Amino acid sequence: KDLFISNGIPKRMNEMDYVNFVSDREIQGKISANKMEEKDMALVNKFPQIKIPNRLFKNNGNLLFSDMNELIENDKPTYSNGAVYADFDNDGDLDIVVNNIDEAAIIYRNKSNDTNDKAFTEIILHGPEKNINAIGAKIVMYANNGIRTYEKNPVRGFQSSMEGPIHIGLDKTKIDSAFLVWPDNSFQSVQLTRGKITFTYKKALPKFDYAKISKHWPEPTRPMEDITKEVTLSYLHEENHFPEFDREPLMPHMVSTEGPALAVGDINHDGLEDIFIGASRDKKRAVFLQQPNGKFIRSMQPVINADSAYEDIDAQWVDVNNDGHIDLVVASGGNEYFGPDEHLLPRVYLNNGKAGFAKLDHGFDNIYVNASSITPYDFNGDGFIDLFIGGRTVPSAYGKDPRSYLLLNDGKGHFKDVTAIYAKELLQEGMITQALWFDIDKDGDKDLLLCTEWNGIYAYINDHGKFTRKMLTDKKGWWNFILPVDIDNDGDIDLIAGNLGLNSRLQASDKEPVQLYYNDFDDNGKKEQVLTYFLNGREIPFANKDELQKQMPILKKKFLYAADFAKAQLPEIFTPEKLKDAKLLSANYFANAVLINQGNLNFSLQALPWKAQLSPYRDAVVVDANHDNLPDILLAGNFYSNNIQMGRYDADFGTLLLNKGKGQFSAENINGLQLKGEVRHIRKIMINKKEAFVLVKNNDSTMVIQFTDAAVKK
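A brief report on the enclosed structure follows. What you are looking at is a predicted structure, and each value in this text was computed from that prediction instead of being measured.

A few points about empty space enclosed by the protein
Then, in step 1: Under the definition given, this model contains two cavities of 30 Å³ or more.
Then, in step 2: The computed volume of the largest cavity comes to approximately 130 Å³.
Then, in step 3: Forming the walls of the largest cavity are 13 residues, and the residues nearest its centre are H253, E453, N480, R618 and F639.
Then, in step 4: Across the lining of the largest cavity, the residue classes break down as six nonpolar, three polar and four charged.
Then, in step 5: By volume, the second largest cavity amounts to about 50 Å³.
Then, in step 6: Along its surface, the second largest cavity is lined by R247, E248, P249, L250, K526, K527, E528, Q529 and Q551.
Then, in step 7: Tallied by class, residues from the lining of the second largest cavity come to two nonpolar, two polar and five charged.

Examining the pattern of salt bridges
Then, in step 1: One pass over the structure, following the stated rule, counts 24 salt bridges.
Then, in step 2: In this structure, K578 engages D523 in a salt bridge whose closest nitrogen and oxygen atoms are separated by 2.6 Å. You can see K578 sitting in helix α12 (residues 576-581) and its partner D523 sitting in the loop between β32 (514-519) and β33 (528-535), a full 55 residues away along the chain.
Then, in step 3: According to the relative accessible area criterion, D523 is exposed, its value standing at 58%.
Then, in step 4: Residue E678 pairs with R680 through a salt bridge whose shortest N-O separation is 2.9 Å.
Then, in step 5: According to the relative accessible area criterion, E678 is buried, its value standing at 4%.
Then, in step 6: Residue classification places R680 among the buried positions, given a relative accessible area of 3%.
Then, in step 7: Salt bridges linked by common partners bring E258, R392, E453 and R618 together as one network.

A look at the sheet that holds strand β43 (residues 690-698)
Then, in step 1: Pairing is antiparallel in the open sheet, where four strands are placed in the order β14-β44-β43-β42. With one partner strand each, in any of the chains shown, β14 (224-226) and β42 (678-687) form the two edges of the open sheet. When strand polarity is set aside, the average angle formed by the axes of neighbouring strands in this sheet is 30 degrees.
Then, in step 2: Across three bridges, β43 lies against strand β44 (residues 703-707) in antiparallel orientation. What sits directly across from L695, in β44, is M703.

Describing the sheet that holds β33
Then, in step 1: Spatially, four strands are ordered β34-β33-β32-β35 in an open sheet, and the strand pairing comes out antiparallel. In this open sheet, the two edge strands, each paired with only one partner strand, are β34 (538-541) and β35 (583-587). Averaged over all adjacent pairs, the angle separating strand axes in this sheet is 25 degrees, with direction ignored.
Then, in step 2: Note: β32 against β35, five bridges, orientation antiparallel. Bridge pairing in β35 links Y518 to K583.

Quick word on the pairing of strand β36 (residues 593-597)
Then, in step 1: For β36, the buried fraction is high: five of the five residues fall into the buried class.
Then, in step 2: With burial as the criterion, each face of β36 is covered, one bearing A593, L595 and N597 and the other bearing V594 and I596.
Then, in step 3: Bridge count for strand β31 (residues 494-498) against β36 is three bridges, and the pairing is antiparallel. Within β36, the position partnered with A497 by the bridge is A593.
Then, in step 4: Looking at chain direction, β36 and strand β37 (residues 603-607) are connected through five bridges and run antiparallel. Counted as the bridge partner of V594 is Q606 from β37.
Then, in step 5: What sits between the antiparallel neighbours β36 and β37 is a turn of five residues, in which G599 has the positive phi angle 105 degrees.

Some points on the environment of N7
Then, in step 1: Examined against the element boundaries, N7 turns out to sit in the loop between β1 (3-5) and α1 (16-23).
Then, in step 2: Through-space distance from the C-alpha of N7 to that of I50 is 9.7 Å; in sequence the pair is 43 residues apart.
Then, in step 3: In this view, N7 contacts I52, P53, N54, T78, Y79 and S80; residues no more than four positions away in its chain are not counted.
Then, in step 4: Within the structure, the side chain of N7 is placed 2.8 Å from the backbone nitrogen of S80, a separation counted as a polar contact.

Quick notes on the rules
- Residues numbered from 1 in each chain as written.
- Predicted model: local features only at pLDDT ≥ 70, side-chain atom pairs only at ≥ 80, totals over all residues.
- Heavy atoms only, no water.
- 1 Å grid on protein atoms, 1.4 Å probe; cavity = no way out; pocket = protein on both sides within 12 Å on 5 of 7 lines; lining within 4 Å.
- Points joined across faces, edges and corners; volume = space filled by probe spheres on them.
- Nonpolar A, V, L, I, M, F, W, Y, C, P; charged D, E, K, R; others polar.
- Salt bridge = Lys/Arg side-chain N within 4 Å of Asp/Glu carboxyl O.
- Helix = DSSP H or I, 4+ residues; strand = E, 2+ residues; numbered from the N terminus.
- Buried < 20%, exposed > 50% of the residue type's maximum accessible area, 1.4 Å probe, protein only.
- Pairing = 2+ DSSP bridges.
- Axes fitted to C-alpha atoms, helices over the stretch in contact; angles between N-to-C directions.
- Contact = heavy atoms within 4.5 Å.
- Polar contact = N/O pair within 3.5 Å; in protein donor to acceptor, adjacent residues only side chain to side chain.

What follows is the structure, encoded as structure tokens:
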């Protein structure tokens, strides 16, 4: 189906000058008392009336549309609202008649079938006594290895309704079968031929089973099930209330909802994997011990819970003092505390081997970081596990580069900052969203892989404890995670990379990037963020006039009306000098992607299928979804804490990337369940000797899922 949009009414009721006018307390009082005077109404009449053409968009498939307006002959700006479509000239394509305000109606004549070489059918329905037009009836057509549905619904928006036949284009269409489903859900098989066909409702027809549609194609993946209740892993993460936009209204999204942390490991030497789940500020984190029967019991941890004022963003089980017991290291964040605040310090909890923990004093002296990631590895080869901690942001200063830390273990669990000695470029790498150790160059020691917001994906190649920075892709995005996996079974490690996705108001490219200028634009001693994007080839602020002038009151005097602000070029709003002196962050690629290793650490970047672009992904894990010996990927994500204009990113319910070989994937829904909410981390875990997956969600309950024993037969 293609899309027609009429441009609406003359007065722009959402025009900011009008909104500010009618929101004024004095005007509101007059409206309530019905005392609006002629001079008040005269001001309303001055608000702009903007004539624009109606818009036509061609459906290209995969939820992508292209603007067709340049192909419309004699198109003109109008004030349009009511519209109807029908085949007015009987040539087999649909024309559109549009009602205009204070002007004659116009007709858009469809010329796509003037030569009458494209087949079509028009279905006229006579419904039952109380629904003679059969409103709600459907045609279900199996054709071209797909299923098409057409519904009899005359209403098409504001003041737009029509009564006519169901029009179906049959060009390049091979029909296998078709069904007519009447409004009472009874159905009959129909033959669709070229031209007009009439069907009349009959009683006592069989009921249509929609499983004919939903189960037409066999599920391509093994079914999964939610076993959370079965294993008694009950934990609800509760995000603390922190209206971050009150402090920095112009940041593109909050960074205070990055948790909870998740770590899996055997902490009491019973051969069973246990779980740590972090918490937000003022809430209790949890340690769960797995029992031989596969169920979990919560272990009371007074020492860990005494640190409830911290916010846990990432965590790892790792033996920091070589006593044979894995200890707990936790990275703090939340973006609330700033400066040298103790709640930004990472923490070490020493394990006594029986799942009892004691906090290690002075584990991280002077390492104040609003962190995103903590990852362990003995990078200097002295036998003691060291750490890297990635800095997410500088609290109260989004846009400023945070510090990240390469930390050397003294053997007792105390860590020293050695970043400047081993990897100086890591000092100001930017906003790191995830980091991990992996031997990407296959030389026997692990390298540091990391992804960033407003920058690329990098590897710090480890050469006997000295690190060299290697760019893996020059595409700058809002990267969320990276997952190393040999996708094409060629022996080289490829990367799955989560990004913002393509279902957003923000669209980025090399030519038209999304950018953020960070500077003190109003000379008040506090730097502001100005997020920009391109619209019709012109770079404009994402925030509107009201949002900007609340932070920079000088703009209120500079632009009295929103209409003047909208026409201004970026340098006219902020001055060329301020823009030139600003720190500039830029993103030119937002697709979730796979990086295919071409050898010698050269990667080619390709976007994942469109079904895997509907939301940001925050984590992924390698699975075997169909027993074909190719690694498949379970993706999860979503993110809610955006500014109002962005809206929530909540369109993903869990996605399986089925590996088709040679770096190609198909994106499939999970067979049997949905992953709702904001998934932050996924970890594999063995439960009753079977592989399962733990998922922690922000402000939601933890889930444990598992493939059932049934498998797809190839």
